Amino acid sequence: MDQANNEIGKFQITFTLSPTKLKFDAFNVPGLAWDSVKYGEAEIDRVPDDKRGIYAFSIHHPSQVLPPHGYILYIGIAGRKSERSLKARYKDYLNPRKVVKRDRIARMIGTWHEVLRFHFAPIDDAMTSEQLEKLERDLNTALLPPFSEGDLEADTKKKRRAFR
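What you see is a predicted model, and the numbers here were worked out from it, not measured in a lab.

What the rule picks out here adds up to 14 aromatic pairs. An angle of 25° between the planes, with centres 4.2 Å apart, marks the rings of Tyr90 and Phe118 as stacked. With Tyr90 in helix 3 (residues 86–94) and Phe118 in strand 4 (residues 116–122), this residue pair connects regions lying 28 residues apart in the sequence. Under the relative-accessibility criterion, Phe118 is labelled buried at 0%. Grouped by ring-pair contacts, the aromatic residues Tyr39, Tyr55, Phe57, Tyr74, Tyr90, Tyr93, Phe118 and Phe120 constitute a single cluster.

Below, the structure is given as structure tokens:
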């Protein structure tokens, strides 16, 4: 049993993929210019230090044999009622002292760091903090990432709790 847990069990998480929520398209932005870096310090200079925005963590491992794939684990924002940049927010996830204080995030990073990607999309400076928070809530509601808990539309959040 220990071998099964070490090889499979500890990596098991539940994904909820609602076609209705996934097809939601009433976002408050016309589109986002997503980019990504492999989790870690190696590509940190590619993350904007002068832009707020939305970000996501996903399990993703490019391969010439596997089909394109990815599993979105978490969605958040940089610049919640502040001008904090995407790079500054990303650095929080690279700091073990900050990560350890958040159990779900510590599990996400500790378990999948070798195949984790940090996706980010800078937003226009004219977007208000309230609009950015709504975008975060809308994306979390559409994708229901397993490690995103709080930033969901209220009715969906309530319904999701029934299965936890």
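The discussion continues.
For Lys81, which is not glycine, the phi dihedral falls at a positive 55°. As for its position among the elements, Lys81 is in the loop between strand 3 (71–78) and helix 3. For Lys81, a relative accessible area of 58% puts it in the exposed group. Here Leu144, not a glycine, exhibits a phi torsion of approximately 45°, which is positive. Structurally, Leu144 is set in the loop between helix 6 (129–143) and helix 7 (154–161). On the accessibility criterion, Leu144 (6% relative accessible area) is buried.

Thresholds applied
- Residues numbered from 1 in each chain as written.
- Predicted model: local features only at pLDDT ≥ 70, side-chain atom pairs only at ≥ 80, totals over all residues.
- Heavy atoms only, no water.
- Phe/Tyr/Trp six-rings, centres within 6.5 Å; stacked < 30°, edge-to-face > 60°.
- Helix = DSSP H or I, 4+ residues; strand = E, 2+ residues; numbered from the N terminus.
- Buried < 20%, exposed > 50% of the residue type's maximum accessible area, 1.4 Å probe, protein only.

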